[in-house]
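Spelled out from the first residue to the last, the chains are:
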Amino acid sequence: MEFVITEVGGATKAALTGRLDTANVDKIETTFSASILPQGRPTILDLSNVTFIASLGIRLLLTTARTLGNRGARLVMFGATPAVAEILETTALSDIIPIFRSEEEALAAVTA
Amino acid sequence: MTGTNSNLNRPGIALRLPNRMASLEQARLAVIDYLRGFDVGAGPINRIEVVLEELVSNVARHAKRATSITVEANIGDQGVILSVADDGEAFNPLDKPDPAPFTTLENAQLGGQGIPLIKRLTQQVRYDRKGQSNCVTAVFPLD
């Protein structure tokens, strides 16, 4: 599991690659949070290379979005594969953290 | 031949693994390898992987007195039957009340999503105390 943080149009873009499973969330949680949260900027999460997500991954996304929200910044997701989208919808996480198809749509949503 | 008929009466797999988190990847690879030989779509395979992840990680994280985790997968006319058993103290994970549904980011409960996911991704799921083992059995349709 890897992630790359960049700045795009005034927002933080976090691109994750690999499986957001129990073992990987345990490994990346601290560094992932430390890479995104201090900036407190609107954030778009690129899930196009995430091949799997389970409940600990859901918790990581929820925690990140909530902490950013407390700092006045919004987090949205884009590019979820069918496997990941099904789990985000099944848990209803996508009801409270919107998913967009493209990076452009996601960026427009957080910087509007 | 397509559909479930071609999957009938194939021998399943059973793995007895030590109770530790590393067993999860071993079980996942074995189950995926087993399912690869059948007409199981990408959707069901993902659901099976998620449920396996939740069940095995629950045991590895919480069942401190369990020494082993036994994972079985079988394909039959009902679909894929996955079972995860441990030799820990009697505990029915399905008994835990589901957390409130997500409505707002501020109020969403952190954690506790694993068991609701299992219930929603399976056609049937049940818990049995079999001798000295906890056994959760889940059934998945093939499409």
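For the structure, see preceding data.
The sections below set out a description of the structure shown in this document. (Residues numbered from 1 in each chain as written. Chains lettered and ligands numbered in written order. Predicted model: local features only at pLDDT ≥ 70, side-chain atom pairs only at ≥ 80, totals over all residues.)

**Brief notes about the overall build of chain B**
Within chain B, the secondary structure is distributed over three helices and five strands. Relative to the compact-globule value of 15 Å for 143 residues, chain B shows a C-alpha radius of gyration of 16 Å, a close match. C-alpha atoms of chain B, sized along the principal axes, occupy 50 × 35 × 25 Å. Each of the 143 residues in chain B was classed as buried or not, and the buried ones make up 32%. Sequence-distant contacts in chain B: of pairs separated by 6 or more residues, those separated by 24 or more amount to 68%. (Helix = DSSP H or I, 4+ residues; strand = E, 2+ residues; numbered from the N terminus. Rg over C-alpha atoms; globule rule 2.2 N^0.38 Å. Buried ≥ 20, exposed ≤ 12 C-beta atoms within 10 Å, placed from the backbone. Contact = placed C-beta atoms within 7 Å.)

**Some remarks on the pairing of strand 2 (residues 11-20) of chain A**
All names here are of chain A. Of all 10 residues making up strand 2, seven are buried, and the element is well covered by its neighbours. Linking strand 1 (residues 2-8) back to strand 2 in an antiparallel pair, the connection comprises two residues, with G9 at a positive phi of about 55 degrees. Each parallel crossover has a hand, and for strand 2 linked through helix 1 (residues 22-36) to strand 3 (residues 43-53) it is right-handed. (Pairing = 2+ DSSP bridges. Right-handed = clockwise from strand over helix to strand, strands pointing away.)

**Some remarks on the interface of chain A and chain B**
It is common to give the size of an interface as the accessible area lost on bringing the parts into contact. Chain A puts 22 residues into the contact, and the matching count from chain B is 22 residues. Within the residue set of the side of chain A that touches chain B, elements represented by two or more residues are helix 1, helix 2 (55-70), helix 3 (82-90) and helix 4 (93-96) of chain A. In terms of residue count, the dominant contributor to the side of chain A that touches chain B is helix 2 of chain A (eight residues). Residues belonging to the side of chain A that touches chain B are distributed by class as follows: 11 nonpolar, six polar and five charged. (Nonpolar A, V, L, I, M, F, W, Y, C, P; charged D, E, K, R; others polar.)

**Overview of the sheet that holds strand 2 of chain A**
All names here are of chain A. What the five strands build is an open sheet, ordered 1-2-3-4-5; its pairing is mixed. Here the strands that pair on one side only, and so sit at the sheet edges, are strand 1 and strand 5 (99-100). As paired strands, strand 3 and strand 4 (residues 75-78) are joined by four bridges and run parallel to one another. Note on strand 4: the bridge partner recorded for T43 is L75.

**Brief notes about the nonpolar core**
The biggest cluster of nonpolar side chains holds 64 residues, and the ones touching the most others in it are B:V51, B:L52, B:V56 and B:V84. Considering each element in turn, this core owes the most residues, eight residues, to helix 2 (residues 42-62) of chain B. (Core = buried A, V, L, I, M, F, W, Y, C linked by C-beta atoms within 7 Å.)

**Let's talk about the packing of helix 1 of chain A against helix 2 of chain A**
All names here are of chain A. At a closest axis distance of 10 Å, the pairing of helix 1 and helix 2 adopts a crossing angle of 10 degrees. Taken as axis vectors, helix 1 and helix 2 run roughly parallel relative to one another. Touching T22, V25, E29, S33 and I36 of helix 1 are L56, G57, L60 and T64, all from helix 2. (Axes fitted to C-alpha atoms, helices over the stretch in contact; angles between N-to-C directions. Parallel < 35°, antiparallel > 145°, perpendicular 65-115°, else oblique.)

**Some thoughts on the pairing of strand 1 of chain A**
Residues and elements named next belong to chain A. Little of strand 1 sits inside the fold, with zero of its seven residues counted as buried. Relative to strand 2, strand 1 runs antiparallel, the two sharing seven bridges. Counted as the bridge partner of E7 is T12 from strand 2.

**Side note on the packing of helix 1 (residues 22-35) of chain B against helix 2 of chain B**
Residue and element names in this part refer to chain B. Axis separation between helix 1 and helix 2 bottoms out at 10 Å; the angle between their running directions is 155 degrees. Between helix 1 and helix 2, the angle falls in the class roughly antiparallel. Handedness of the helix 1/helix 2 crossing: right-handed. Residue-level contacts link S23, L24, A27, R28, V31, I32 and L35 of helix 1 to I45, I48, E49, L52, E53, V56, S57 and A60 of helix 2. Split by residue class, the contact of helix 1 with helix 2 holds 10 nonpolar, two polar and three charged. (Left-handed = near helix turned anticlockwise from the far one by under 90°.)

**Describing the sheet that holds strand 1 (residues 13-18) of chain B**
The strands that make up a sheet are held in pairs by hydrogen bonds between backbone atoms, and each pair lies either parallel or antiparallel. All names here are of chain B. In space, the five strands of this open sheet follow the order 1-2-3-5-4, with antiparallel pairing throughout. Of all the strands in the sheet, the pair left with one neighbour each is strand 1 and strand 4 (124-130). With strand direction ignored, the average angle separating the axes of adjacent strands in the sheet is 15 degrees. For strand 3 (residues 79-86) and strand 5 (residues 133-140), the ladder comprises seven bridges, and the chain directions are antiparallel. If you follow V80 over to strand 5, its bridge partner there is F140. Contacts from helix 1 reach strand 1, strand 2 (68-76) and strand 3 within the one sheet, and its direction differs from that of strand 1 by about 170 degrees.

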